Amino acid sequence: MAEFPNRKWTMVIDLDKCTGCGACVVACHAENNVPIVTEQEVIRGRGQHWIHIERYWEGDFPDIKAHFLPLLCQQCSRAPCEPVCPVYATVHSERENLNLQVYNRCVGTRYCQNNDPYKVRFFNWFDPVFEEPLNQQLNPDVTVRSAGVMEKCTFCVQRIRRAEEAALVENRPLQDNEVLPACVQTCPPAALVFGDLNDPNSQVAHLATDRRKFRLLEELGTEPQVIYLKGGESHV
Amino acid sequence: MSERQHDRPIWRHPMPKDEDLAHQIEHEREQHLLLDPRYPLHIDEGVLDPMYRQGRLFWLVCVIVGGLVAAWGATWLVQMFYGLGITGLKRPVMWALYIVNFVYFIGVGHAGTFISAALRVLKVEWRRPISRAAETLTVFALITAAMFPIVHLGRSWKFYWLLPYPNERQIWPSYHSPLLWDLTAILTYLSCSILFAYIALLPDFAMARDHTIGWRHTLYDILSLGWRGTEREWGNQETALNVFSFGIIPVMFSVHTIVSWDFAMTLQPGWHSTVFGPYFVIGALFSGVAAVIMVMAIARKGMRLEYFLRPEHFDGMAKFLLLLSFAWDYFYFNDVLVPWYGQDPVEKTIFALLTGGYVSPIFYLMIFSNVILPAATLWSKRVRTSIPALFVVCLFVQIGMYLERYIIVPVTLGQNYLPFDWGVYTLYLPESLITVGAFALVAFLYLIASRFIPLIPVWEVYEGQVLQGLRRIGRALVKTRAEPD
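Quantities reported herein were computed from a predicted structural model and do not represent experimental measurements.

The rules behind these values
- Residues numbered from 1 in each chain as written.
- Chains lettered and ligands numbered in written order.
- Predicted model: local features only at pLDDT ≥ 70, side-chain atom pairs only at ≥ 80, totals over all residues.
- Heavy atoms only, no water.
- Helix = DSSP H or I, 4+ residues; strand = E, 2+ residues; numbered from the N terminus.
- Phe/Tyr/Trp six-rings, centres within 6.5 Å; stacked < 30°, edge-to-face > 60°.
- Buried < 20%, exposed > 50% of the residue type's maximum accessible area, 1.4 Å probe, protein only.
- Lys NZ or Arg CZ within 6 Å of the ring centre and 35° of its normal.
- Contact = heavy atoms within 4.5 Å.
- Buried area = accessible area lost by both parts, 1.4 Å probe.
- Salt bridge = Lys/Arg side-chain N within 4 Å of Asp/Glu carboxyl O.
- Nonpolar A, V, L, I, M, F, W, Y, C, P; charged D, E, K, R; others polar.
- Expected span 1.5 Å × (residues − 1).
- Polar contact = N/O pair within 3.5 Å; in protein donor to acceptor, adjacent residues only side chain to side chain.
- Pairing = 2+ DSSP bridges.

Asker: Even after reading the chapter, I still don't get unusual backbone geometry, so can you show me in this structure?
Answerer: Most peptide bonds take the trans form, and the phi angle of most residues other than glycine is negative. Looking along the chain, the bond that leaves Phe61 of chain A and enters Pro62 of chain A is cis, with omega of 5°. The residue Pro62 of chain A is located in the loop between β2 (52-58) and β3 (65-71) in this model. Here the amide bond leading from Arg91 of chain B into Pro92 of chain B is cis, since omega sits at -5°, within 30 degrees of zero.

Here is the structure:
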């Protein structure tokens, strides 16, 4: 059997292009069976969105400006959430450079979320409820998580697997842009780009050399695999 | 025991004719337990009699406290059924009152071993009647504390997945995680503490066996493991206690250091601090010693142990408490000074919250209880030897230390690197009930134990009384002490 090549899955988010529309959030909910919690729970601070738009305001009315920061699991190469898990529920896939979450192993110590500087891990406070007709569109490729376990963005690992296997069957290398996580596929201004950084011809490899690039909280040494391109005045 | 107040064992010197000297001797006897020997039978009775008594008040307290423990159990079941969502936990405050309780009760469990092991090693004589009460408190507090990491799990019924044993899942727990270090340290400490307390209990169980009939006799017969009091048994017990005393001190220091690592090893601003290890150990001893004083005061009143627990013991413990208060002040000052010098924006925010934000009442109450009140009162011998006053001071120390852990866990967790995720934790009913239940569990276990376990180590008191004496040199009275060999 042919070997899967080593990957370095990376997402580039151009903050100049992001309009904060939230389409990625909806797409992610639909793709990954992310539970939709009640309004009251959201107010209590239990909103559950694997990707969410953090909105920061700058200045005072009327000279006010919004900054949007789409935030998802940064798939750190040296993830702080991994070593603190006592049951190996959050583990690293060296081959794909992905940070995996094994729901069935999780006992819910919530230590990973405490040690996660980006706060992009979510705890299932209750059993998920999918009201009619949402229950009709659950994705069969993704586990529905029970109460008491942690979950987070997987870079749509089910799509990665499917594309890799398809390429393997057809005995050809995986094309750039063949794997599209739900958020990337949906983003109307194409602010989100996904690909393999190990492939020198990929779009992400090209964008990763951009002058505007930065990684979130880079000083912590977590080596995130999400690259942001600075927005605001930088392009002027 | 009152009519035998002036009974003196026959082997002691008769009272001197000189009235002055006789007064002095009387005074010393009143002050010091070890200079006030009684017949062994009377001492045994003094310990055993209260164990047979279960008054109306005892049952009333038992029912109340037992009810609160049952409320804990019911709340826990509800929480397991519906999910942790019924508590006040939220993003980003993933740990709150359960972990506060965990740290607090581990802390309370620290003083017991310290008093019986460290003071034993240092040959501090006044520890003798206290050690049992302190050791039992350690065991019960540790049992309660060990429940909390399980209560706080999202899937409590899977807690055994954290235990290292060969299993069908073909997976060993990850020893990268401080939680596993924690588990190992606590289970080591708990088993050592139980063994340590049990070895010291053997002669007392044997004593109880010899004084009882019926089911109690059978029970103590089993528990005393056939102790007869031969020289070889005493020698073995002495060796075992010495080994445990020296061995358990490093374990005790390591346990709370490791508990602090649950926090210090993370990236969370306000937790990520190297001072946490010693700071937590001192904090644990501080709250633990205060808890032991409270237990001593309650046991003394409830079980009429006035002969054994005298103001001198409270005085010694209170001095120790004052010392620990100063040490705690020093570490807390460090914990504030270093982040202040670093001017980290998140830590600055946390400090601003403490001094002027929504947590400021908690913060100032903590400073009052832990810093100002002990320093303002415990210098005075009148406070140190007045049991009600000391009880109030210790109660404040408990409150202060509980609030300190509250500030460290949910308050600090509310602030992190990205301000979008900041949040304020509020208390909900389930965790409040479970917290009350935890205090009730310690009280309940203690109540039950007080009727089964001799709360005063009779053999230790007796040994101390044999070894200590007053000798008259010229017109002076000199305290003397022999070394057991």
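Asker: Please clarify how the packing of aromatic side chains should be interpreted in this entry.
Answerer: Centre distance and the angle of the planes are the two values used to describe a pair of aromatic rings. All chains considered together, the criterion is met by 41 aromatic pairs over all chains. Seen from their ring centres, Tyr330 of chain B and Phe331 of chain B are 5.5 Å apart, and the 70° between their planes marks the pair as edge-to-face. By relative accessible area, Phe331 of chain B is classed as buried at 16%. Among the aromatic residues, those joined into a ring-pair cluster are Tyr111 of chain A together with Trp95, Phe263, Trp271, Phe276, Tyr279, Phe280, Phe286, Trp328 and Tyr332 of chain B. Cation over ring: Arg145 of chain A sits above Tyr103 of chain A, and NZ or CZ is 5.4 Å from the ring centre. The ring of Phe452 of chain B is capped by Arg216 of chain B, whose NZ or CZ atom sits 5.7 Å from the centre of that ring.

Asker: Looking at this structure, how should I read the interface of chain A and chain B?
Answerer: Reports of interface size often rely on the accessible area that becomes lost once the parts have come together. Of the residues lining the interface, 47 residues belong to chain A; the matching set on chain B comes to 44 residues. Of the roughly 3700 Å² buried between chain A and chain B, counting both surfaces, carbon and sulfur atoms make up 60%. Our count for the chain A to chain B interface comes out at zero salt bridges. When residues of the side of chain A that touches chain B are traced back to their parent elements, those giving at least two are β2, α3 (111-114) and β6 (121-123) of chain A. Each residue belonging to the side of chain A that touches chain B can be placed in one class, and the counts come to 26 nonpolar, twelve polar and nine charged.

Asker: Would you explain helix α3 (residues 56-82) of chain B in this entry?
Answerer: Given 3.6 residues to a turn, an α-helix orients residues that are three or four positions apart in the same direction. Residue and element names in this part refer to chain B. Helix length check: α3, at 27 residues, gives a terminal C-alpha distance of 39 Å against a target of 39 Å (1.5 Å per residue), a fit within 8%. Within α3, burial applies to Phe58, Cys62, Val65, Val69, Trp72, Thr75, Trp76 and Gln79. On its buried face, α3 sits against α4 (97-121), α5 (131-151) and α15 (429-450). Directly beyond the C-terminal end of α3, a positive phi value near 110° is found at Gly83.

Asker: Is there a simple way to think about the environment of Thr144 of chain B in this case?
Answerer: All names here are of chain B. Here Thr144 shows up in helix α5. Placed 127 residues apart in sequence, Thr144 and Lys17 show a C-alpha to C-alpha distance of 56 Å. Setting aside residues no more than four positions away along its own chain, Thr144 makes contact with Trp72, Phe105, Ala438, Leu441 and Val442. Among the polar contacts made by the side chain of Thr144, one reaches the main-chain carbonyl oxygen of Phe140 at a distance of 2.8 Å.

Asker: What should I look at first to understand the pairing of strand β2 (residues 476-481) of chain B in this one?
Answerer: Here is the key point about a regular strand: its side chains alternate between the two faces of the sheet. All names here are of chain B. Looking at chain direction, strand β1 (residues 468-473) and β2 are connected through six bridges and run antiparallel. Looking across to β2, one finds that Arg471 is bridged to Val478. The hairpin formed by β1 and β2 contains two residues between the paired strands, and Gly474 there has a positive phi angle of roughly 65°.

Asker: So what exactly am I meant to see when it comes to the sheet that holds strand β10 (residues 226-229) of chain A here?
Answerer: Within a sheet, each strand pairs with its neighbour through backbone hydrogen bonds, oriented either parallel or antiparallel. Residues and elements named next belong to chain A. The four strands are arranged β8-β1-β10-β9 in an open sheet whose pairing can be described as mixed. Looking at the sheet topology across the chains shown, the edges are occupied by β8 (192-196) and β9 (213-214). Bridge count between strand β1 (residues 9-14) and β8: five bridges; the pairing is antiparallel. The residue of β8 that forms the bridge with Met11 is Phe194.

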